[in-house]
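Architecture and fold: a report
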Amino acid sequence: PFDLFLPRKCLLSQLFEKQYVGFATLPNQVHRKSVKKGFDFTLMVAGESGMGKSTLVNSLFLTDLYKDRKLLNAEERINQTVEIIKHTVDIEEKGVKLKLTIVDTPGFGDAVNNNECWKPITDYIDQQFEQYFRDESGLNRKNIQDNRVHCCLYFIPPFGHGLRPVDVEFMKALHEKVNIIPLIAKADCLTPNEIKKLKDRIREEIDKFGIKVYQFPECDSDEDEEFKQLDKELKECTPFAVIGSNTVVEARGQRVRGRLYPWGIVEVENQSHCDFVKLRNMLIRSHMHDLKDVTCDVHYENYRAQCIQEMTSKLAQDNRMESPIPILPLSTPDVDTEKLIKMKDEELEKMKISINISININSS
Ligand SMILES: Nc1nc2c(ncn2[C@@H]2O[C@H](COP(=O)(O)OP(=O)(O)OP(=O)(O)O)[C@@H](O)[C@H]2O)c(=O)[nH]1
Ligand SMILES: [Mg+2]
């Protein structure tokens, strides 16, 4: 609604009265403009193959993005490198358009040699930064398509006792480039106690290894109590333990997204079964904008500063190469030279005076 962002007692009619200049409508103008323009968000999923990345993305956005996916046979899987697939979907909700891009990285950790398996992923992120940097420095800055990755969901297997070396290396290779949100995959494999233990362990290890995952911003002190409580719960719940499913099952007389086992049903959207709802709320409802801001202000700024630094040092190097004789700066004259200059000046003055005198005598 139009008055959504107006200060409470400030109705539009009041704005046109004399006591208001009218800038209270600014948030409103911004709101209208951004709704018209639409929003975009790019989410990346990464982690070992078979961890349920594609399934979770489907569960998150309720669209079957992977209908035509073909499974690779064993032979193809052995030397397989990470293959990056980009899907874009346009979602509309109450007139608000969101262009959602999912960057899937299937097959990570699938090959026999997993050395530098994150390289194609870091390259992909850098390429998007590079493209944006080029567009921004070009002529047509109005219609830049922003493909920078705003968030990377990193799937940690539920089977181990914490982070594996590959998880540490992977996250470290990415943490300066993208907002990493670590997840415990396939949380239905674990009991609530096991989940708690694994979460504690992962949090400790993230600290110990100096991995910089996405930090939720501090909650403003003027937020209401309910919001503060939700924010606290969200922070305590990381890394989110998630379950994905592409099937709808019948549970408690309702059709829900879940997984049917011989011993029962696990529901994706049941908060006592996993943190899926918390993750979705965080990504879509509460922190999408902050994730974009951090991408722009921190990760992209780092990339940009590095680029400019490299460019200037290259330019300086090229200049030096072009002129083989170094151009020395003009030296300031030393004391002796100054004395000599002074003497010569005085001599010149004397000569001028004597010339003047002789001219005067001759003319008279
Ligand atoms: N138990 C359990 N199984 C899951 C879950 N999510 C997905 N699966 C199953 O795990 C298998 C692999 O799921 P995908 O979503 O294809 O996994 P992926 O991570 O995208 O795999 P790659 O594309 O090879 O990297 C499928 O059989 C899914 O049904 C989950 O939360 N719990
Ligand atoms: Mg997949």
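Everything below is about the structure printed above this text.
Residues numbered from 1 in each chain as written. Chains lettered and ligands numbered in written order. Predicted model: local features only at pLDDT ≥ 70, side-chain atom pairs only at ≥ 80, totals over all residues.

1. Focus: the overall build of the protein
Basically, it comes down to this: The numbering of helices and of strands both runs from the N terminus, where a helix is a DSSP run of H or I of at least 4 residues and a strand a run of E of at least 2. With C-beta atoms placed from the backbone, a residue is buried if 20 or more other C-beta atoms are within 10 Å of its own, exposed if 12 or fewer are, and partly exposed between those counts. Distance between backbone-placed C-beta atoms decides contact: two residues are in contact if it is within 7 Å.
Along its length, the protein carries eleven helices and nine strands. Out of the 364 residues belonging to the protein, those deemed buried represent 24%. Within the protein, contacts between residues separated by at least 24 positions form 68% of all contacts whose residues are at least 6 apart in sequence.

2. Here we look at helix α7 (residues 192–208)
The cut-off we apply is this: Here a helix's expected span is defined as the number of its residues, less one, multiplied by 1.5 Å. Regarding the arc, it is the one traced by the directions from the helix axis to the C-beta atoms.
Along its 17 residues, α7 runs 24 Å from first to last C-alpha, staying within 8% of the 24 Å computed at 1.5 Å per residue. Of the residues making up α7, those classed as buried are Leu-198, Lys-199, Ile-202 and Ile-206. All buried residues of α7 fall inside an arc of 105° around its axis, so they share one side. For α7, the exposed residues set more than 90 degrees away from the buried face come down to Asn-193, Lys-196, Asp-200, Glu-204, Asp-207 and Lys-208. Two residues or fewer after α7 comes Gly-210, characterised by a positive phi angle close to 65°.

3. Some points on the pairing of strand β4 (residues 151–156)
Basically, it comes down to this: The criterion for strand pairing is that DSSP finds at least two bridges linking the strands in question. Handedness of a crossover is defined as follows: orient the strands so they point away from the viewer, and if the path from the first strand over the helix to the second runs clockwise, the crossover is right-handed.
Summarising burial for β4: six of the six residues are buried, a large majority. Every second residue of β4 is oriented toward a common face, with Cys-151, Leu-153 and Phe-155 on one face and Cys-152, Tyr-154 and Ile-156 on the other, all of them buried. Where strand β1 (residues 39–47) meets β4, five bridges bridge the pair, whose relative direction is parallel. Paired with Val-45 across the bridge in β4 is Leu-153. Strand direction decides the pairing type here: β4 and strand β5 (residues 180–184), joined by five bridges, are parallel. In the strand pairing of β5, Tyr-154 is matched with Pro-182. After leaving β4, the chain enters helix α6 (residues 165–174) and then returns to the sheet as β5, a path that is right-handed.

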